[in-house]
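Listed here are the chains, written in short residue letters.
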Amino acid sequence: MSPLQLLEEGEIELARECAQDRLRQLPKDPEALVALARLRAIEGKLEEADEVLDGIVNPGSLQLQIRLTRLALTCARQEFEGAARGYRSLLEHHPDLPDALYGLASSLAHQGLYEEAQPAFQRLTEILPENGQLYYHLGRNLLELERADEALEALATSLELDPYRVDTYLVLSRSLSAIGHAAQALELLQEGLQRLPGQPHLSNELTNVQLLLGQVEAAAHSASQLARELPDNLPAQQNAALLLLAQNRFQEVLEFCAGLPEQSASLWSIRATALEQLGRGQEASQAYQQASKLADCDWSILNNWGLLLLQQGEDQRAARVLTRACQKARMQPEPYLNLALVHARRPGGAARALEILEALLELPRLPSNLDEQARRLHSVLLTSSSSNG
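A short tour of the structure in this document, coming up.

Conventions we followed
- Residues numbered from 1 in each chain as written.
- Predicted model: local features only at pLDDT ≥ 70, side-chain atom pairs only at ≥ 80, totals over all residues.
- Heavy atoms only, no water.
- Helix = DSSP H or I, 4+ residues; strand = E, 2+ residues; numbered from the N terminus.
- Rg over C-alpha atoms; globule rule 2.2 N^0.38 Å.
- Buried < 20%, exposed > 50% of the residue type's maximum accessible area, 1.4 Å probe, protein only.
- Contact = heavy atoms within 4.5 Å.
- Areas by Shrake-Rupley, 256 points an atom, 1.4 Å probe, with all protein chains shown as cover.
- Salt bridge = Lys/Arg side-chain N within 4 Å of Asp/Glu carboxyl O.
- 1 Å grid on protein atoms, 1.4 Å probe; cavity = no way out; pocket = protein on both sides within 12 Å on 5 of 7 lines; lining within 4 Å.
- Points joined across faces, edges and corners; volume = space filled by probe spheres on them.
- Nonpolar A, V, L, I, M, F, W, Y, C, P; charged D, E, K, R; others polar.
- Expected span 1.5 Å × (residues − 1).
- Patch = residues over 30% accessible without salt bridge, like charges linked within 9 Å, V, L, I, M, F, W, Y side chains within 5 Å.
- Lys, Arg positive; Asp, Glu negative; His and termini not counted.
- Charge placed at Lys NZ, Arg CZ, Asp CG, Glu CD.
- Axes fitted to C-alpha atoms, helices over the stretch in contact; angles between N-to-C directions.
- Parallel < 35°, antiparallel > 145°, perpendicular 65-115°, else oblique.
- Left-handed = near helix turned anticlockwise from the far one by under 90°.

### Focus on the overall build of the protein chain
Of the regular secondary structure elements, the protein chain holds 23 helices and 0 strands. At 28 Å, the protein chain has a C-alpha radius of gyration far larger than the 21 Å of a compact globule built from 389 residues. For the protein chain, the spread of C-alpha atoms along the principal axes amounts to about 90 × 45 × 45 Å. Burial status across the protein chain gives 46% buried among its 389 residues. The contacts in the protein chain between residues at least 6 apart in sequence include a share of 44% that link residues at least 24 apart. Element-wise, carbon and sulfur atoms account for 48% of the exposed surface of the protein chain, whose accessible area totals about 20,700 Å².

### Section: the pattern of salt bridges
One pass over the structure, following the stated rule, counts 25 salt bridges. We note a salt bridge from Arg 22 to Asp 29, for which the minimum N-O separation is 3.1 Å. Overall, Arg 22 belongs to the partly exposed group, its relative accessible area being 26%. Taking the shortest distance from any N to any O, the salt bridge between Arg 376 and Glu 372 comes out at 3.0 Å. Placement of the pair is Arg 376 and Glu 372 together in helix α23 (residues 368-388), with a separation of 4 residues, close to one helical turn.

### Quick notes on the layout of surface pockets
Estimates place the volume of the largest pocket at around 1,300 Å³. Around the largest pocket, the lining comprises 37 residues; the ones closest to its centre are Asp 99, Tyr 102, Gly 103, Ser 106 and Gln 133. Residue assignment for the lining of the largest pocket shows that the elements contributing at least two residues are α1 (3-8), α3 (30-42), α5 (63-76), α6 (80-93), α7 (98-110), α8 (114-127) and α9 (132-144). No other element matches the 8 residues that α7 contributes to the lining of the largest pocket. Considering only residue class, the lining of the largest pocket consists of 21 nonpolar, 10 polar and 6 charged.

### Focus: helix α19 (residues 299-311)
With 13 residues, α19 should reach 18 Å at 1.5 Å per residue; the first-to-last C-alpha distance of 18 Å fits that figure. Those residues of α19 that fall on the buried side of the exposure criterion are Ile 301, Leu 302, Asn 303, Trp 305, Gly 306, Leu 308, Leu 309 and Leu 310. Residues of α19 that are buried make contact with α17 (265-277), α18 (281-294), α20 (315-329) and α21 (334-345). Gly 313 sits one or two positions beyond α19 and adopts a positive phi of about 80°.

### Some remarks on a negative patch on the surface
On the surface, Glu 8, Glu 9, Glu 11 and Asp 99 cluster together into a patch of negative charge. Note on placement: Glu 11 falls in the loop between α1 and α2 (12-25).

### Let's talk about the packing of α5 against α6
Across the interface, α5 lies against α6 with an axial gap of 8 Å and an inter-helix angle of 160°. The angle between the axes of α5 and α6 places the two elements in the roughly antiparallel class. Seen from above, α5 lies across α6 with left-handed handedness. Counted together, Leu 64, Arg 67, Leu 68, Leu 71, Ala 72, Thr 74 and Cys 75 of α5 and Phe 80, Gly 82, Ala 83, Gly 86, Tyr 87, Ser 89 and Leu 90 of α6 form the full contact between these two elements. Grouping the amino acids of the contact of α5 with α6 by side-chain chemistry returns 9 nonpolar, 4 polar and 1 charged.

Quick look at the structure:
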């Protein structure tokens with residue numbers, strides 16, 4: 001097989017060896033150079049890929065492959081509008097060229113032009129009806145167009161043709177769950193894990209669906225099993241700890257977290273929540289502090305820490321922490337409401353609390369529970385101010 005054919009088959013290393021062998025025999029071999037350029041593109045070395053293509057002297061019948069490679073490089077640079085124009089031009093002369101159709105569809109989809117991309121994705125499945133990956137991309141595009149029934153059909157076809165593609169299981173499972181068919185999603189994932197035992201992404205998704213179905217114990221068992229199978233996988237460990245927390249097994253959470261070789265902001269936050277529930281407020285505060293050091297941009301950790309300090313009567317410290325949370329949170333209302341509460345409790349702080357609350361109440365689509373709390377506190381402060389006046 002030629003190096004380009006090997007690349008089409010996904011045999012990257014064999015294609016590399018073949019191209020290098022041919023270039024040793026004939027340094028200007030055009031097909032080997034095209035293959036080498038594509039290999040450079042796969043490695044993310046886009047400038048080197050361009051240089052290799054520029055070095056092709058006698059392209060002969062490879063003009064089309066060179067043009068396709070240059071368009072792929074344009075996509076790799078995220079210049080999708082220019083890539084789409086190039087692929088359209090190419091399709092005028094080669095209307096059913098799969099590489100050009102796929103390039104056009106994907107470059108349009110990357111621009112959010114899903115309606116325009118749809119005919120190209122559809123045509124690809126007609127030209128190559130045995131290619132499961134193309135049905136997967138068609139299904140993803142149909143989901144973006146909110147054509148759920150057609151998307152599910154395309155994804156199911158993709159799975160029939162390629163039953164070992166993990167992404168298809170995940171997208172199909174989430175699509176089923178989104179339309180209220182979580183039980184079918186569960187069966188799908190269990191089927192996937194029979195074919196791909198221990199696959200971490202499928203196992204994690206299984207846990208999520210079990211939780212959606214209210215099967216907390218089953219989800220905890222799945223999470224614990226995955227954590228044992230992947231002892232070095234931090235997300236798996238975090239998920240297992242979170243499921244222990246969901247079962248109110250607070251002491252087990254602490255023991256589990258303490259036994260892990262690596263700590264993360266999420267694990268420290270989970271530990272803090274468990275300590276709070278066990279009434280160990282000072283230790284919980286220290287755990288939140290550790291979490292905030294590891295994830296300084298996570299407003300929710302700062303918000304939870306500030307709320308704990310507020311409950312402990314450490315108003316001054318709570319105000320500092322919640323001010324940081326507000327700086328990180330942008331338009332998230334929770335830390336602003338908690339900060340207003342801190343100021344409302346402090347002598348002379350009512351004016352600042354009212355200022356925060358009034359800004360909060362102007363936010364669009366404020367959740368009803370937070371809107372109610374903010375209005376109640378605002379009313380109390382106004383009444384108090386009037387009485388004092």
